[in-house]
Amino acid sequence: MKIKYILEHEEKNTKARLGKIETNYGTFETPMFMPVGTEATVKTLSVEELKDVKAGIILANTYHLWLRPGEDIIAKAGGLHEFMKWDGPILTDSGGFQVFSLAKPKDISEEGVKFKNHLNGDNLLLTPEKSIEIQNKLDSDIAMSFDECIGWPASYEYCKQSVERTLRWAKRGKDVFNNDRQSLFGIVQGGEYEDLRKYCTEELVKMDFDGYSIGGTSVGEDKPTMYKMVRYATKYLPQGKVRYLMGVGDPIDIVENVCRGIDIFDCVSPTRLARHGHYLTKFGKYNIKNAKNKDDFSCLDSNCDCYTCKKGYSKAYIRHLINAGETLGARLLSIHNIRYLIRLTEELREAIKNDSLLAYREQFIKDYYGDKGLPYKQNLDEIIN
RNA sequence: GCGGAAUUGGUGAAGUGGUUAACACGCCGGAUUGUGGCUCCGGUAUGCAUGGGUUCGAUCCCCAUAUUUCGCC
């Protein structure tokens, strides 16, 4: 079956929504943070650990799995769930972000995008049809349309033609889509221009996707710009379908965008930060490598319910592991960071349920930024109206 | 005991008779957003073994001392 989004409650004072999504591999509540497992693994975590941090769904990457080990191997294994032994929901990204991060403008054409396989130098062409075909074989629960993710800033003219292309690519992908057990999302592009975001959203809605996501964010723009881009899309999206904001995972961005009507987020940050020795807490982001942690035998965050903190692994020990390049360090911090972000969405759900999201947001900012205050000018108007 | 060579920051080391002593590692900070997994960006010797001397000026030249190291007896 396709996924089913059930809207349970709309927060009274903001655009936030409480809901749940039913899939073939279980139901999860939204808003939800989705850890990234590019190579069919959330880096350093076992599936038991993923369950333990209460991940409702994870993301895997079409581009990477296409190159290695190849979608046919995964299909032969019985699909991605069976291959990686994860029995929860999976969303596959289409490769659209690699258009932004790996391909050069000259490699992008109407047909698709040329890539160079870094493993053996092969020239590869990824097209909307190919991306969908791969995702159909991977058998994830949610497939993403192949879009053109552009950087920021981008001119109106470039965004406009890019939106048109993304819409044509969305249509081409939808036409060849062939997997009853899988759902397909459209991706809203349009840069920072409201009329383009609106147009793109409305055209995608006409095509009737199973859910919608917002792309082209966290590509270098400032926060207020990102929040506007989000609002330009959520304004025109149907209430009965799920909204997924791609690539966003700074804690404040999760809070702000939940307020603007987003249901799902994904981001590499908790695992990448972990590998580089950073950890998140209610009171901000910290660097475990700082010399002051050398003999600090307290845990990362005494209020945290993650395995790392409950077990009582100390800052001094984790600092040592990170400095020594031991993978357990990255793993303990990844568990902590992912749990932090998922717990953040749990708290947001609770606040939505109680219609107290604005107060929660206020307190979050106070705790996380302290005396420094918000690093940007807030616009409450956007959240409320 | 005799003779040679060496001595530059936490480490390995470049280097020059004349403003800021290269580079690398480490260390100390910071960055990281639909992940091309050890990446990127900063900072980090007021001093070149010690004491004398030559010189307008010495880390660089000379002498002595110390230490290390090699060879010979």
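See the structure printed just above.
The following refers to the structure shown. The structure displayed is predicted, hence computed values, not measured ones. (Residues numbered from 1 in each chain as written. Chains lettered and ligands numbered in written order. Predicted model: local features only at pLDDT ≥ 70, side-chain atom pairs only at ≥ 80, totals over all residues. Heavy atoms only, no water.)

Side note on the protein's contact with RNA strand B
Taken together, 40 residues sit near RNA strand B, with Phe97, His118, Cys149, Gly247 and Thr271 positioned nearest. Sugar and phosphate atoms form 51% of the subset of RNA strand B atoms that lie within 4 Å of the protein. Between RNA strand B and His64, the relevant distance is 3.2 Å, taken from a phosphate oxygen to a side-chain nitrogen or oxygen of the residue. Of all the secondary-structure elements, those providing two or more residues to the surface near RNA strand B are β5 (58–61), α5 (96–101), β13 (264–267), α11 (269–275) and β15 (284–287). Among the elements that take part in the surface near RNA strand B, α11 stands out by supplying 4 residues, more than any other. By residue class, the composition of the surface near RNA strand B is 12 nonpolar, 16 polar and 12 charged. (Near = heavy atom within 4 Å. Polar contact = N/O pair within 3.5 Å; in protein donor to acceptor, adjacent residues only side chain to side chain. Helix = DSSP H or I, 4+ residues; strand = E, 2+ residues; numbered from the N terminus. Nonpolar A, V, L, I, M, F, W, Y, C, P; charged D, E, K, R; others polar.)

With respect to the pairing of β13
Neither face of β13 is exposed, since Ile264 and Asp266 on one face and Phe265 and Cys267 on the opposite face are all buried. Across 2 bridges, strand β12 (residues 242–245) lies against β13 in parallel orientation. The residue of β13 that forms the bridge with Leu245 is Phe265. You can see the chain leave β12, run along helix α10 (residues 251–259) and come back into β13, and the turn it takes is right-handed. (Buried < 20%, exposed > 50% of the residue type's maximum accessible area, 1.4 Å probe, protein only. Pairing = 2+ DSSP bridges. Right-handed = clockwise from strand over helix to strand, strands pointing away.)

Here we look at the layout of surface pockets
Here the largest pocket is characterised by a volume of approximately 680 Å³. Lining the largest pocket are 32 residues, and of these Val36, Phe97, Gln98, Asp266 and Val268 sit closest to its centre. Among the elements of the structure, β5, α5, β13 and α11 are those that each provide at least two residues to the lining of the largest pocket. Residues of the lining of the largest pocket, tallied by class, amount to 9 nonpolar, 16 polar and 7 charged. Volume-wise, the second largest pocket comes out at about 240 Å³. Only α14 (327–353) and α15 (357–369) provide two or more residues apiece to the lining of the second largest pocket. (1 Å grid on protein atoms, 1.4 Å probe; cavity = no way out; pocket = protein on both sides within 12 Å on 5 of 7 lines; lining within 4 Å. Points joined across faces, edges and corners; volume = space filled by probe spheres on them.)

Taken by themselves, the reported measurements are silent on function.
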